[in-house]
Structure formats: C-alpha cells, structure tokens
Amino acid sequence: MERIRITVGLGSCGIASGAKIVYEALKEKTQKLNVQIVKVGCIGICRYEPIVEIYKDGNRITYINVSEKDVEDIIEKTIKNNEIIESLSLKEENNNILNDPFLKRQTRIVLENCGKINPENIDEYGGYKALRKALKMDKDEIIHEVKESKLRGRGGAGFKTGDKWSLVKASAGDKKYVCCNADEGDPGAFMDRAILEGDPHSVIEAMIIAGYAVGASEGFIYVREEYPLAVERLKVAIKQAQSKKYLGKNILNSGFNFNLELRLGAGAFVCGEETALMASIEGKRGEPRLRPPYPAEKGVYNSPTLLNNVETFANIPIIILNGSAWFNSLGTDKSGGTKVFALGGKIKNTGLVEVPIGTELKEIIYDIGGGIANDKKFKAAQTGGPSGGCIPASLINVKMDYDNLKEIGTMMGSGGLIVTDEDTCMVDIAKFFLDFAVSESCGKCTPCRIGTKRVYEILDKITKGKGTIEDLENLDNLSKHIQATSFCGLGQTATNPVLSTMRYFKEEYISHIVEKKCPAKVCKDLLKYKINKELCKACGLCAKNCPVNAIIKTDDKYEIDESKCIKCGACFNNCHFKAIEKE
Amino acid sequence: MNKEIDEIIKNSESLIEMLQKIQKIDGYLYFERLFYLSEKLDMSLEDIYSTATFYNGFSFNMKGKYQINICLGTVCYVKGSKELSEEISKILNIKDGECTKDGKFSLDTTRCLGCCSMAPVMKINDDIYGFVKKEQVKEILAKYN
Ligand SMILES: Cc1cc2nc3c(=O)[nH]c(=O)nc-3n(C[C@H](O)[C@H](O)[C@H](O)COP(=O)(O)O)c2cc1C
Ligand code: FES
C-alpha cells in the first residue's frame, strides 16, 4: 500500500498557533502505521493554522485549526477509515485547501512549494534542476533569459534584474559577491519570511546560478534576527546543499566554485538599504554611503556585488527552467511574473496573496480578500510600508504594477498591503509612519534626522487638536524638502505617507484642525465620551472602572465630568449596554 | 567569565556577530564584557559602543527572565496592539524598555515579527501569541512563573 503523507504547517505562524504539539502527537501516535509525518512551511493563510493535510489515494484533504485533541480522531477516522471529519474540514470542494477562494484565484509560482514540501529535506525540493541546466548554459545566455523575463526587483524599487546582473558581470574584479537582502524591514510584509521558512532552497539555488552568471565565488544572505526560524532553516538548507555538492568547490563537476554564508541583522530598518546592508555585512554600523559607486562596481569589501531581494531570487529557478517567454506571459508589458502581497489589516481574509503583476486592487481586496471585515467600508490600502503611501477607495481599480503605483503617489515596495476602514484615522497612520522614520533614521544626514522629527511634531500637534491651517502648508513644504535633500532612500521616501494622505484625505486633516474632530474617532485628545441616557441602565459599572473618578451619579443616571475625563476608554470598553458613546 | 568571550571572538566573523553572542549570555550587553572585548580586539570602547548603539537589537538594560515583546508593526498597530502594551504596562507597572524589580518580566516593543496575519501579536521569550485580546493578557502572563 502507498505510504500516506501527512503534512503539518510549521512556519512561525503555525508554531505560534500550537502546531508543534499537533506534529509531535501525530508522530507519536502513527509510529506503527504506514504514515509519513512531514513538516512544511507556511501556506500563507495564518488564521487556519494549525493546518494538517493528508495526502492519500491521490487526494489532498485539508484540516484547519487542528488541536492536539483532534489527533486521535484524525488517525482513527480519516487515516484508517477514509472518513472526513466535518468539524475540521474546510467545506470547500474535495476538502482541499487549494479550492479555498483565497487560494483559488491566486497564481502561485514563488509560493508554490510553501506549505507543500519539507523545507528541511533537500530531496523534496527537486534536485536543483535549474542549476544543472544553467551550468550548461552560456553566462550571457542566462542573463539574457533573466532580461527577457522582464523580472524586476521585488525589494521595492523595481530595478530590472537582468540589467543589474549584466552590470555586475561587466564589472572588473577577481573577487565578486552575490548578496540576498532578507532584511524584510517593512513592518507588515512577511513574504520573504514565508519563502525562507517554506522553500529556502529556491533562494539558495538562485544565488548559485547568479554567482555563476556574474562571476562571483561567494555569497551572503543578510537575514533579520527577528526571524529565528528562517535562520535555522537556511542553516540546514545550506548544509544540505553543501553535502550534495551544489555549494563548495567544483559544483556538479562544472569547475565553478561558490560558497554561501549567513549574516544576521541586528534590528535596523536602514540596513535594508543596499549600501547600509553591505556595511552591516562587514560588521560595521549600518550607515548608508553615497552612490555612485554602485554596489555593482564597489559593494561588499569594495568588490563588485550583486544584491537582490529574497522574492526576486525565488523567481530565478523557474525562469531558467520554463524560459522567459513563459514567465513574461504573466504580468504586464513592462514587468513580468507575479508579486506576492501580504494582505493584512481590516480585511476578512488575511494572508499571502500571489497574483500576476497588473492585477486590479479591487480583485485582491474583494475577490481574494473577501472584502472588509465586520462589513465596514473600505477606506484605503496602504502599500510600500513606511516608504509608501495609500490608495484611496476612488482608485480601487488601479492595476498593481510598479509604474501605476508610483503615478498615484505610492509604491509597490516589498508588498505589504494593509487595508484600512472607516475606523482608521489617516492622520494617525501618517503619524505612525513618521514615528517609525524618526526612530529608524540612522542620523547621518540632517534632513532625515531632524526633518522627520519636525514633521512628526506637527502631526502630533494636529492629532491633539492644536494644529493650525498653516501647518498644512508647512507639512507639505517640509516633506518635499526632506524628500529632495536626504542622503539615502530612507529619508527620500520617509515623508511619502504624509504627502499621500494629505493628497487624498485632506478633509480629514482639516477636520482635526478646524473642527477639532477626528472623524474616525481614533485621536484620543479629540474624543468626547458621553453617556446615552436612553440606553443607560444605571448599573454603575462605568463609574467603578473609571480610574480618575470622572463618572458621577446624578439623579438616577450617570454622567461624565469632562474636566476630569482622561479619555482612557475604560467606561466604553466595560459598558454592557453600549450606552457610552464616542463623539 | 572571560573564557566565554575568548571563545566567541574565535568563532565569529564580525563585531556584530560577537555582540549578538555576548548579548545571549546575560540578555543584554554587560559593560564589563564589552570592556574585556575591547581589550582583546584592541579596538576602542567607543568604536564598539558606536556599533552596538546603532542597532535596536542590542540592549544595555537588564532584561527579565521572561522578555515580553509587543509588536508595533503596521498591521498590529492598525489592529490595536498599542492597547496591549498599555495593558501590560499597567499590570506589571513598568514602561517600555524596563524590567520588573524582581527581574521576572521586561517589556519591549518591536516592529513586526512577521506574523502579521495573526495581528495583534506578542512574544514572550520564544513563544509567539497571535490574535491577542486585551482581556487575555493577564491569563497569558500567568503562564510564566
Ligand atoms: C530604507 C530602505 C529600506 C529597504 N529595505 C529593504 C528590505 O527590507 N528588503 C529588500 O529586499 N529591499 C529593501 N530595500 C531596497 C534595497 O535597497 C535594494 O534596492 C533591493 O534589495 C535590491 O534588490 P531587488 O533589485 O531584487 O529588489 C530598502 C531600501 C531602502 C532605501
Ligand atoms: S505587524 Fe505585527 S507581526 Fe507584522
């Protein structure tokens, strides 16, 4: 009889949901059966974790939100008796996760293996076929394929990958490096983590191919230390690749040598910027430096260096295997392939979404994401993280590609896609990102170090009801100056969230300034709490919970003394009758 | 105590790596150890500090036996993680970056743990908690003794 394969999602998110216990229990209780328990990476629908899948007789049965107590049932019913457990099943066609509407409309190339193969077993990855093919190709031919594929850098700026490769190849130097940017600094993006945890060999294979094509003999993967599991899996994967002779001397008898090492970040957003990253690889302060010279000429240890993002690399093996024509049949005229978005925020279905470049935002939000959570209204989508901007509801038909997003004042960035609803205050969001910029500015140049602080202060003033109409002009002015005069990409993009929210949500800024009101009811200082006397049952719970005794009993009802209220919201959160209203 | 550091120097590729390993020993960068490192590397203490203070990953304050990290990344922020950190501050009576007097808990905020689709997210040592509600915080803390 064919061996039954059972996979357990053991990415960071699966583990956080308790998948490890499920995995151990399954292992222990199936010892005597002809069953193989396999750990896999994150499939990108974290709310279903822990996910257990059973591959049996050509079927794939998906169970979601599995806990330890379900293990016995899974073995007795499904494994031994082919019975589907309704309470754990997805209720989609054939109980297969691939039929989930969230996955069904996606085009998975980069994420294809995530959640399917065991990332800690090189044999499941498939024999490094792309590397074998590439080593038989001419170097220029490889670069030509990458160029023709119209692959553009997934790290943010969208630089043409093929062009970068040929620049590095053309650079003079005996020693060259290939680096992978796995710093994933955009808070809200986690596709690089999913790839590294779920399919690390795709990145390693791509880096070896890149090394061969550009003439580099050494590589570094710079990965943020906040991703311990990704680091672990990469270590395992590198060891295995070495033992199979995909790394090291005379790779697959081609005469080509390539070594790969890991470097751990230490928590600095600016280290995602290429020159800062290289300083950090060398163990120094991660300060950016002026370009030119570009890394293609002078990078790590002053040698020509090729730097690409994790997702960019993860596209390479499939381009080599299937050809550029196949790859660029997906995407748009100017940009081939797919992009992975990390869909999050106030949306029903959160998770990783991989779609062809040029897909409409509307499709991502409504068809894949299932619309806004709690039936609220879509307000805007934030893309590009701290360097990006927002896409308002009026532009929901925008086709997501590098150029379109730039035109409307935001950017593709690394793929964070954060949905906001009517309860999100756009001034507060801008302030959030500027707070981020202030703490992450490395301090090297004045516009970024001091300018972002001043912008933050103005925003803070506005959210506290102390803003003036002149502040709007100052914000605009200052933001544009910082953009024009900052030293590196961090400062040059840091005020984008301000400019973008002012462009599309100016009336919200004006409400804060003129009417002293926060329409989304987020900014605490502008809120007023009131007790609705019709709904109040005079239970006294609010008065009991008020930390400053601002709620007093009058006649038979309660009232809030505004002069004492500190707007902590304790009464609002504790009222059982929804009698406390925000204004 | 310095033997450990000799070992670390021998097995590390860069200053950052050394500092990361040294931090693992005490949970933070202990001055005496940096002093020894500076002598051994023949590198000024200023140079070591200038690298260490550049990165958020290094801490110069004592950490608790249980290190609490609240994610204040964008998704978690939009989903209200600030309330979680306020709640913990209230329960433990410490501010962001501080450690309780008995050395049990320390509280820090961080930017994105990469589990955004489980926002809001918090981490205690290596355990990650997703979809955390303010009301659950007490219960979660009670697990750590
Ligand atoms: C402040 C700043 C932060 C950045 N952070 C990242 C990051 O976390 N990950 C990344 O891949 N690229 C990041 N980048 C972009 C890199 O500098 C670089 O362009 C990219 O890694 C190149 O790879 P690609 O061509 O494959 O996109 C950042 C850029 C700036 C200016
Ligand atoms: S924003 Fe909190 S885990 Fe990513």
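### Quick notes on the overall build of chain B
Phase 1 of the analysis: When its secondary structure is counted, chain B shows 7 helices and 4 strands.
Phase 2 of the analysis: For chain B, the C-alpha atoms occupy an extent of roughly 50 × 30 × 25 Å along the three principal directions.
Phase 3 of the analysis: Counting all 145 residues of chain B, 53% fall into the buried class.
Phase 4 of the analysis: Across chain B, the fraction of contacts at a sequence separation of at least 24, relative to all contacts at a separation of at least 6, is 56%.
Phase 5 of the analysis: Surface summary for chain B: the accessible area is close to 7300 Å², and the carbon and sulfur share equals 47%.
Phase 6 of the analysis: Computed over 20 positive and 22 negative side-chain charges, the inter-centroid distance for chain B is 7 Å.

### As for the sheet that holds strand β10 (residues 351–356) of chain A
All names here are of chain A.
Phase 1 of the analysis: Reading across from one edge, β10-β9-β13-β11-β12 is the order of the 5 strands in this open sheet, with mixed pairing throughout. In this open sheet, the two edge strands, each paired with only one partner strand, are β10 and β12 (389–392). Strand-to-strand twist of the sheet, defined as the mean angle between neighbouring strand axes without regard to direction, takes the value 30°.
Phase 2 of the analysis: Pairing between strand β9 (residues 338–345) and strand β13 (residues 416–421): 4 bridges, direction parallel. Counted as the bridge partner of Leu343 is Leu417 from β13.

### Quick look at the side chain of B:Thr74
Phase 1 of the analysis: In this fold, B:Thr74 is placed in helix α5 (residues 74–78).
Phase 2 of the analysis: At 2.8 Å, the side chain of B:Thr74 and the backbone oxygen of A:Pro187 are in polar contact.
Phase 3 of the analysis: Excluding residues within four positions of it along the chain, B:Thr74 makes contact with A:Pro187, A:Ile418, A:Phe432 and A:Phe433.

### Digging into the side chain of A:Asn315
Phase 1 of the analysis: On the secondary structure map, A:Asn315 appears in helix α13 (residues 310–322).
Phase 2 of the analysis: Reaching out from A:Asn315, the side chain makes a polar contact with the backbone oxygen of A:Glu311 at a distance of 3.1 Å.

### Things to note about the sheet that holds strand β1 (residues 4–9) of chain A
All names here are of chain A.
Phase 1 of the analysis: Taken together, 4 strands build an open sheet; the order of strands is β2-β1-β3-β4 and the sheet is mixed. Edge positions in the sheet fall to β2 (35–40) and β4 (59–63), since each of these pairs with one other strand and no more. Strand-to-strand twist in this sheet, taken as the mean axis angle between neighbours without regard to direction, amounts to 20°.
Phase 2 of the analysis: When strand β3 (residues 52–56) meets β4, the two strands line up antiparallel, connected through 5 bridges.

### Things to note about the domain arrangement of chain B
Phase 1 of the analysis: By the assigned domains, chain B splits into domain 1 (2–54) and domain 2 (66–142).
Phase 2 of the analysis: In this structure, domain 1 of chain B and domain 2 of chain B have C-alpha centres spaced 29 Å apart.

### Some points on the packing of helix α3 (residues 31–41) of chain B against helix α4 (residues 45–54) of chain B
The angle between the axes and the distance between the axes are what describe a pair of packed helices.
Residues and elements named next belong to chain B.
Phase 1 of the analysis: For the pair α3 and α4, the least separation of the axes is 9 Å and the interaxial angle reads 125°. Relative to α4, the element α3 is oriented oblique. Helix-helix and strand crossings are classified by hand; for α3 and α4 the assignment is right-handed. Facing α3, whose interface residues are Phe31, Leu34, Phe35, Leu37 and Ser38, α4 presents Leu45, Ile48 and Tyr49.
Phase 2 of the analysis: Of the residues belonging to the contact of α3 with α4, the class tally is 7 nonpolar, 1 polar and no charged.

### Quick look at the pattern of salt bridges
Opposite charge on two side chains permits them to pair, given that their charged atoms come into close proximity.
Phase 1 of the analysis: Applying the stated criterion across every chain yields a total of 44 salt bridges over all chains.
Phase 2 of the analysis: Between A:Arg193 and A:Glu197 there is a salt bridge, with the nearest N and O atoms lying 2.8 Å from each other. Residue A:Arg193 and its partner A:Glu197 are located together in helix α9 (residues 191–198), separated by 4 residues, close to a single helical turn. The exposure classification of A:Arg193 matches that of A:Glu197, with both residues buried.
Phase 3 of the analysis: Here B:Glu17 makes a salt bridge to B:Lys21, at a shortest N to O gap of 3.0 Å. Here B:Lys21 and B:Glu17 lie together in helix α2 (residues 15–26), a separation of 4 residues that amounts to about one turn.
Phase 4 of the analysis: We classify B:Lys21 as partly exposed; its relative accessible area is 29%.

### Description of helix α2 (residues 19–29) of chain A
Phase 1 of the analysis: Of all the residues in α2(A), the buried ones are A:Ala19, A:Val22, A:Tyr23, A:Ala25 and A:Leu26. Each buried residue of α2(A) lies within a common arc of 165° when the element is viewed along its axis, so the set occupies one face.

### Points about the packing of aromatic side chains
A ring pair, where both rings are aromatic, is described by two values, the distance of the centres and the angle of the planes.
Residues and elements named next belong to chain A.
Phase 1 of the analysis: Considering all chains together, one arrives at 18 aromatic pairs over all chains under this definition.
Phase 2 of the analysis: Pairing Tyr125 with Tyr128 gives two aromatic rings, centres 5.4 Å apart and planes at 75°, and the pair type is edge-to-face. Per residue, the accessibility class of Tyr125 equals that of Tyr128, and both read buried.
Phase 3 of the analysis: Ring geometry for Tyr128 versus Tyr246: centroids 4.1 Å apart, planes at 10°, classification stacked.

### A closer look at the pairing of strand β2 (residues 105–110) of chain B
Residues and elements named next belong to chain B.
Phase 1 of the analysis: With 5 of 6 residues buried, β2 lies mostly within the body of the structure.
Phase 2 of the analysis: For strand β1 (residues 66–71) and β2, the ladder comprises 6 bridges, and the chain directions are parallel. What sits directly across from Gln67, in β2, is Ser106.

### With respect to the interface of chain B and chain A
Phase 1 of the analysis: Between chain B and chain A, the contact holds 31 residues from the first and 48 residues from the second.
Phase 2 of the analysis: Regarding the contact of chain B and chain A, the summed buried area is about 3200 Å², with carbon and sulfur atoms giving 57% of it.
Phase 3 of the analysis: Counting the surface chain B buries against chain A, the share from its top three residues, B:Phe54, B:Thr74 and B:Arg111, is 21%.
Phase 4 of the analysis: Across the contact surface, chain B and chain A share 1 salt bridge.

### Some details on the nonpolar core
Phase 1 of the analysis: One finds A:Trp165, A:Ile204 and A:Ile208 to be the most contacted residues of the largest nonpolar core, which totals 88 residues.
Phase 2 of the analysis: Of all the elements, helix α10 (residues 200–214) of chain A adds the most residues to this core, at 10 residues.
Phase 3 of the analysis: Sequence-distant contacts of A:Trp165, that is, excluding residues within four places in its chain, are made with A:Ile142, A:Ile143, A:Val146, A:Ala210, A:Ala213, A:Val214, A:Leu306, A:Asn308, A:Phe313 and A:Ile316.
Phase 4 of the analysis: The next biggest cluster of nonpolar side chains, apart from the first, holds 38 residues, and it includes A:Leu277, A:Cys448, B:Leu29 and B:Leu45.

So, how was this worked out
Residues numbered from 1 in each chain as written. Chains lettered and ligands numbered in written order. Predicted model: local features only at pLDDT ≥ 70, side-chain atom pairs only at ≥ 80, totals over all residues. Heavy atoms only, no water. Helix = DSSP H or I, 4+ residues; strand = E, 2+ residues; numbered from the N terminus. Buried < 20%, exposed > 50% of the residue type's maximum accessible area, 1.4 Å probe, protein only. Contact = heavy atoms within 4.5 Å. Areas by Shrake-Rupley, 256 points an atom, 1.4 Å probe, with all protein chains shown as cover. Lys, Arg positive; Asp, Glu negative; His and termini not counted. Charge placed at Lys NZ, Arg CZ, Asp CG, Glu CD. Pairing = 2+ DSSP bridges. Axes fitted to C-alpha atoms, helices over the stretch in contact; angles between N-to-C directions. Polar contact = N/O pair within 3.5 Å; in protein donor to acceptor, adjacent residues only side chain to side chain. Domains from an automatic or database assignment. Parallel < 35°, antiparallel > 145°, perpendicular 65-115°, else oblique. Left-handed = near helix turned anticlockwise from the far one by under 90°. Nonpolar A, V, L, I, M, F, W, Y, C, P; charged D, E, K, R; others polar. Salt bridge = Lys/Arg side-chain N within 4 Å of Asp/Glu carboxyl O. Arc of directions from axis to C-beta. Phe/Tyr/Trp six-rings, centres within 6.5 Å; stacked < 30°, edge-to-face > 60°. Buried area = accessible area lost by both parts, 1.4 Å probe. Core = buried A, V, L, I, M, F, W, Y, C linked by side-chain atoms within 4.5 Å.

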